[in-house]
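# What the coordinates show
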Amino acid sequence: MDRKDLANLIFPNAKDYTYYEEKYAKRNLTENAIVTRFAPSPTGFVHIGGIYQSLIAKVMAKNGGVFFVRIEDTDQKREVEGGIKQILDALKDFDLCPDEYIDENDVDHGNYGPYKQSLRKDIYQSYAKKLLEEGNAYPCFCSAEDLDKIRENQEKAKERTGYYGKWTKCRNMPIDMAIEKIKNGDPYIVRFKSPGNPDKKIKHKDVIKGSVEFPENDQDIVIIKSDGLPTYHFAHLVDDHLMGTNMVIRADEWLASVPLHLQLFYVAGFKAPKYAHIAPMMKLDGEGKRKLSKRKDPESAVSYYKEEGIPKESVLEYLMNIANSNFEIWRKQNPDKKMEEFDFDIKKMSVSGALFDMVKMLDVSKNVISKFSAEEVYNETYNWAKEYDKELLEMLENKEYSLKVLGIERGNAKPRKDIAKWSDVKHIISYMYDDKFDKNGEFEYQKITDKDEIDKIVKLYFEKYYDESDDKETWFNKMKDLSESLGYAREVKEYKANPEGFKGHVGDVSTVIRVKITGRCNTPDLYEILKILGKERILKRI
RNA sequence: GGCCCCUUGGUCAAGCGGUUAAGACAUCGCCCUUUCACGGCGGAGACAUGGGUUCGAUUCCCGUAGGGGUCACCA
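Please read all numbers here as calculations on a predicted model, not as lab measurements. (Residues numbered from 1 in each chain as written. Chains lettered and ligands numbered in written order. Predicted model: local features only at pLDDT ≥ 70, side-chain atom pairs only at ≥ 80, totals over all residues. Heavy atoms only, no water.)

## A short note on the protein's contact with RNA strand B
As a matter of local geometry, RNA strand B sits amid 58 residues, with Lys225, Arg416, Gly507, Ser510 and Thr523 nearest to it. Sugar and phosphate atoms represent 72% of those atoms of RNA strand B found within 4 Å of the protein. Interatomic distance of 2.8 Å between a side-chain N/O atom of Thr74 and a phosphate oxygen of RNA strand B. Here a phosphate oxygen of RNA strand B and a backbone polar atom of Leu355 are 3.2 Å apart. Counting only elements with at least two residues in the surface near RNA strand B, the list comes to α6 (144–156), β8 (210–215), α12 (327–333), α13 (358–370), α19 (472–485), α20 (492–497) and α21 (506–518). At five residues, the largest contribution of residues to the surface near RNA strand B is made by α21. A per-class count over the surface near RNA strand B returns 23 nonpolar, 13 polar and 22 charged. (Near = heavy atom within 4 Å. Polar contact = N/O pair within 3.5 Å; in protein donor to acceptor, adjacent residues only side chain to side chain. Helix = DSSP H or I, 4+ residues; strand = E, 2+ residues; numbered from the N terminus. Nonpolar A, V, L, I, M, F, W, Y, C, P; charged D, E, K, R; others polar.)

Structure (structure tokens):
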């Protein structure tokens, strides 16, 4: 009885791995094209970090490379129904559609599928069989209790924990004995037989982190679990080899596994990909920082951005900012270029995690939205409202009118920057809608607060000065005339030069009109507001 | 605890042995402005710490402290 018999006993039906080597031909790409991937688990939660990773993967693959998505569903306990659709939808929402993927109906798009690990069981088993035959893997019969015991002893002896070297029980089990146990029906899993020596170091050059040095791996990690599915590590080896991945872009929590992964590739005889470990986004928590957490931080979910109405362009711009900080300088110089034109350099990515700064994200978003046309703002807000705000939706039903409202101070050289997210819009424009405006509300006036004075100003203005057909200059001059007639300065400068000589200035007076008509002391251009409101509606407000 | 990585203003960050140590967000002041926003100008604000190496260290080396990651039949 030899290793081959053992391998055949464990995987009697597995094809020889060479079958897959031939089936999945090497990709025919230009020399520097990057093949990379996003490999999420369908857990029902899409983390913003996944979008971040995909963004980077997508831009890395843009020059003739391939960006594919592979669903990592080997842990069936964590799988959630509809998880795949959620992931795909999220990518689509952010314009990050992969070149190759599997859809929610298990239909593959691409020639290197299945792009879902639970559908690749046979493939993994073929490769596990290969390792078994070569003596690079072995069945392990240790129970959970055995493993606990080993760990206990290790802790007692103050040695590293894990299944390795002298602590292993099954690594050197005679083949005949293993065969007998299997035939006997003893439960087992398959382990990798690590050739590593932890006294030796391996040097690895990470694309982002640079040179790192680790002790060699000597852990005999599990490659095939008792359910017949592979562990992440083994699936990574097989899938990324077969799918032709040449750069693995993943979260930096994987960095510590690099010695293992490199060893796996080496032992299997395959060329290892390059690794780029990206630092996670962090969040301030008391004194320290921690990763953005699914449980504690709503902004960790991609759904948050959709719900808040933060446009995808804003999120993407902000993420690009974090990824390559010189992006914002480029953006300033190239305000109208598409983000794809930015010369992204993965080597410039930060090695340590940045605090996620929502204030800055919203600032980025204000800039992004300020470049939108009124039509675009309208459409986006409308779509958002359809799903999240019925009241706003009603306000927007009159498109022609809404377009006017949203178009105030928009489209010129210095556009308004007051909208950071679609959920802001209702509050920003509400006074332009009569049913949202309560003329008897408690308004806060700025300088002039005396009720009689306010009434006097308003009365006089609408009786003597206001004319709907005035152009802006005339309107403005009349405001000055009004001010002057009541003892206020025509010009602010005039007032500042001689504050004793006036009751105030034209700004104070126009603020009274502004508050009376809008209920607010801060609004965009009052002339435009009055114009859009129209005489009839205005008079009802006074 | 073992192993690994990191440490420049409140935040994100340029910097690669000699700089007045960029820029952005936030903050403050001024200007512009009939309000606000925008825009312009300016202010305050940083190289964690102790040793080396060097003519000279934010930059290189070692230690200390702090932070983060990882040590599963989870990914």
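There is more to say after this.
## Quick word on the domain arrangement of chain A
It is common to give the size of an interface as the accessible area that goes away when the parts come together. For chain A, the assigned domains are domain 1 (4–12 + 122–278), domain 2 (32–119), domain 3 (290–347 + 355–370), domain 4 (372–433) and domain 5 (437–542). On a C-alpha basis, the centres of domain 3 and domain 4 stand 22 Å from each other. With 14 residues of domain 3 at the interface, the matching set in domain 4 holds 13 residues. Across the domain 3/domain 4 interface, buried area totals approximately 1,300 Å², and carbon plus sulfur atoms make up 56% of it. (Domains from an automatic or database assignment. Contact = heavy atoms within 4.5 Å. Buried area = accessible area lost by both parts, 1.4 Å probe.)

## Here we look at the side chain of Ser293
Along the chain, the position of Ser293 falls in the loop between β13 (288–291) and α10 (302–308). Among the polar contacts made by the side chain of Ser293, one reaches the main-chain amide nitrogen of Lys296 at a distance of 2.9 Å.

## Some thoughts on the sheet that holds strand β6 (residues 189–192)
With antiparallel pairing, three strands are arranged side by side in an open sheet as β5-β6-β9. The sheet terminates laterally at β5 (137–140) and β9 (222–224), the two strands that pair on one side only. The mean angle between the axes of side-by-side strands here comes to 45°, regardless of whether they run parallel or antiparallel. Inspection of the sheet shows β6 paired to β9 by two bridges, in the antiparallel sense. Among the inter-strand pairings, Val190 is bridged to a residue of β9, identified as Ile224. (Pairing = 2+ DSSP bridges. Axes fitted to C-alpha atoms, helices over the stretch in contact; angles between N-to-C directions.)

## A few points about the pairing of β13
In terms of strand pairing, strand β12 (residues 282–285) meets β13 through four bridges, oriented antiparallel. The residue of β13 that forms the bridge with Met282 is Lys291.

## Some details on the packing of helix α14 (residues 374–388) against helix α16 (residues 399–406)
Remark: α14 packs on α16, axes separated minimally by 9 Å, with the N-to-C direction vectors making an angle of 115°. Handedness of the α14/α16 crossing: right-handed. Seen from α14, the contacting residues are Ala374, Glu375, Val377, Tyr378 and Asn379; seen from α16, they are Lys399, Ser402, Leu403 and Leu406. Taken together, the residues of the contact of α14 with α16 sort by class into five nonpolar, two polar and two charged. (Left-handed = near helix turned anticlockwise from the far one by under 90°.)

## Some words on the environment of Lys478
With respect to the secondary-structure elements, Lys478 resides in helix α19. Contact partners of Lys478, with chain neighbours within four places excluded, come to Tyr465, Asp467 and Asp470.

## Some points on the pairing of strand β11 (residues 274–278)
With four of five residues buried, β11 lies mostly within the body of the structure. In this fold, strand β10 (residues 247–251) hands off to helix α9 (residues 258–268), which returns the chain to β11; that crossover is right-handed. (Buried < 20%, exposed > 50% of the residue type's maximum accessible area, 1.4 Å probe, protein only. Right-handed = clockwise from strand over helix to strand, strands pointing away.)

## With respect to the pattern of salt bridges
For the structure shown, the criterion picks out 48 salt bridges. Residue Asp75 pairs with Arg78 through a salt bridge whose shortest N-O separation is 3.7 Å. We classify Asp75 as partly exposed; its relative accessible area is 27%. Given a relative accessible area of 48%, Arg78 falls into the partly exposed group. One connected set of salt bridges, linked through shared partners, spans Arg37, Arg70, Glu72, Arg120, Asp239 and Asp240. (Salt bridge = Lys/Arg side-chain N within 4 Å of Asp/Glu carboxyl O.)

## What about a negative patch on the surface?
Taken together, the side chains of Asp2, Asp5, Asp176 and Glu180 present a region of like negative charge at the surface. The residue Asp2 is located in the segment before α1 (3–10) in this model. With a relative accessible area of 39%, Asp2 lands in the partly exposed category. (Patch = residues over 30% accessible without salt bridge, like charges linked within 9 Å, V, L, I, M, F, W, Y side chains within 5 Å. Areas by Shrake-Rupley, 256 points an atom, 1.4 Å probe, with all protein chains shown as cover. Lys, Arg positive; Asp, Glu negative; His and termini not counted. Charge placed at Lys NZ, Arg CZ, Asp CG, Glu CD.)

## Some thoughts on the state of the cysteines
Here the structure, examined in full by the defined rule, presents zero disulfides. Free of any disulfide, Cys142 has its nearest neighbouring cysteine sulfur in Cys170, separated by 3.8 Å. (Disulfide = S-S within 2.5 Å.)

## Side note on the nonpolar core
Grouped together as the largest cluster of nonpolar side chains are 157 residues, with contacts concentrated most on Ile51, Ile56, Ile223, Phe234, Phe344, Ile346 and Tyr461. Residue contributions to this core peak at eight residues, all from helix α3 (residues 48–60). Discounting residues that sit within four places of it in the chain, Ile51 has contacts with Ala90, Leu91, Phe94, Leu96, Val302, Leu316 and Leu319. Among the nonpolar cores identified, the runner-up in size contains five residues, and Val212, Phe214, Leu255 and Val258 belong to it. (Core = buried A, V, L, I, M, F, W, Y, C linked by side-chain atoms within 4.5 Å.)

## Observations regarding helix α17 (residues 422–429)
Taken residue by residue, α17 has Trp422, Val425 and Ile429 as its buried positions. In a view along the axis of α17, the buried residues occupy a sector of 15°, so they form one face of it. Lining the buried residues of α17 we find α10, α13, α14, α15 (390–395) and α16. (Arc of directions from axis to C-beta.)

## Some thoughts on the side chain of Asp218
In this structure, Asp218 sits in the loop between β8 and β9. Contacts of Asp218, omitting those with residues within four sequence positions, involve Arg160, Tyr163, Tyr164, Gly165, Ser194, Gly196 and Pro198.

## With respect to α6
Here α6 spans 18 Å end to end across 13 residues, near enough to the 18 Å set by a 1.5 Å rise per residue. Two residues or fewer past α6, Lys158 is found with a positive phi of approximately 55°. (Expected span 1.5 Å × (residues − 1).)

## Here we look at the confidence of the model for chain A
When pLDDT is averaged across chain A, the result is 93; 100% of the residues are at 70 or more. The ipTM, which scores confidence in the relative placement of chains, is 0.94 for this predicted complex, and the corresponding pTM is 0.93. (pLDDT = per-residue confidence, 0-100.)

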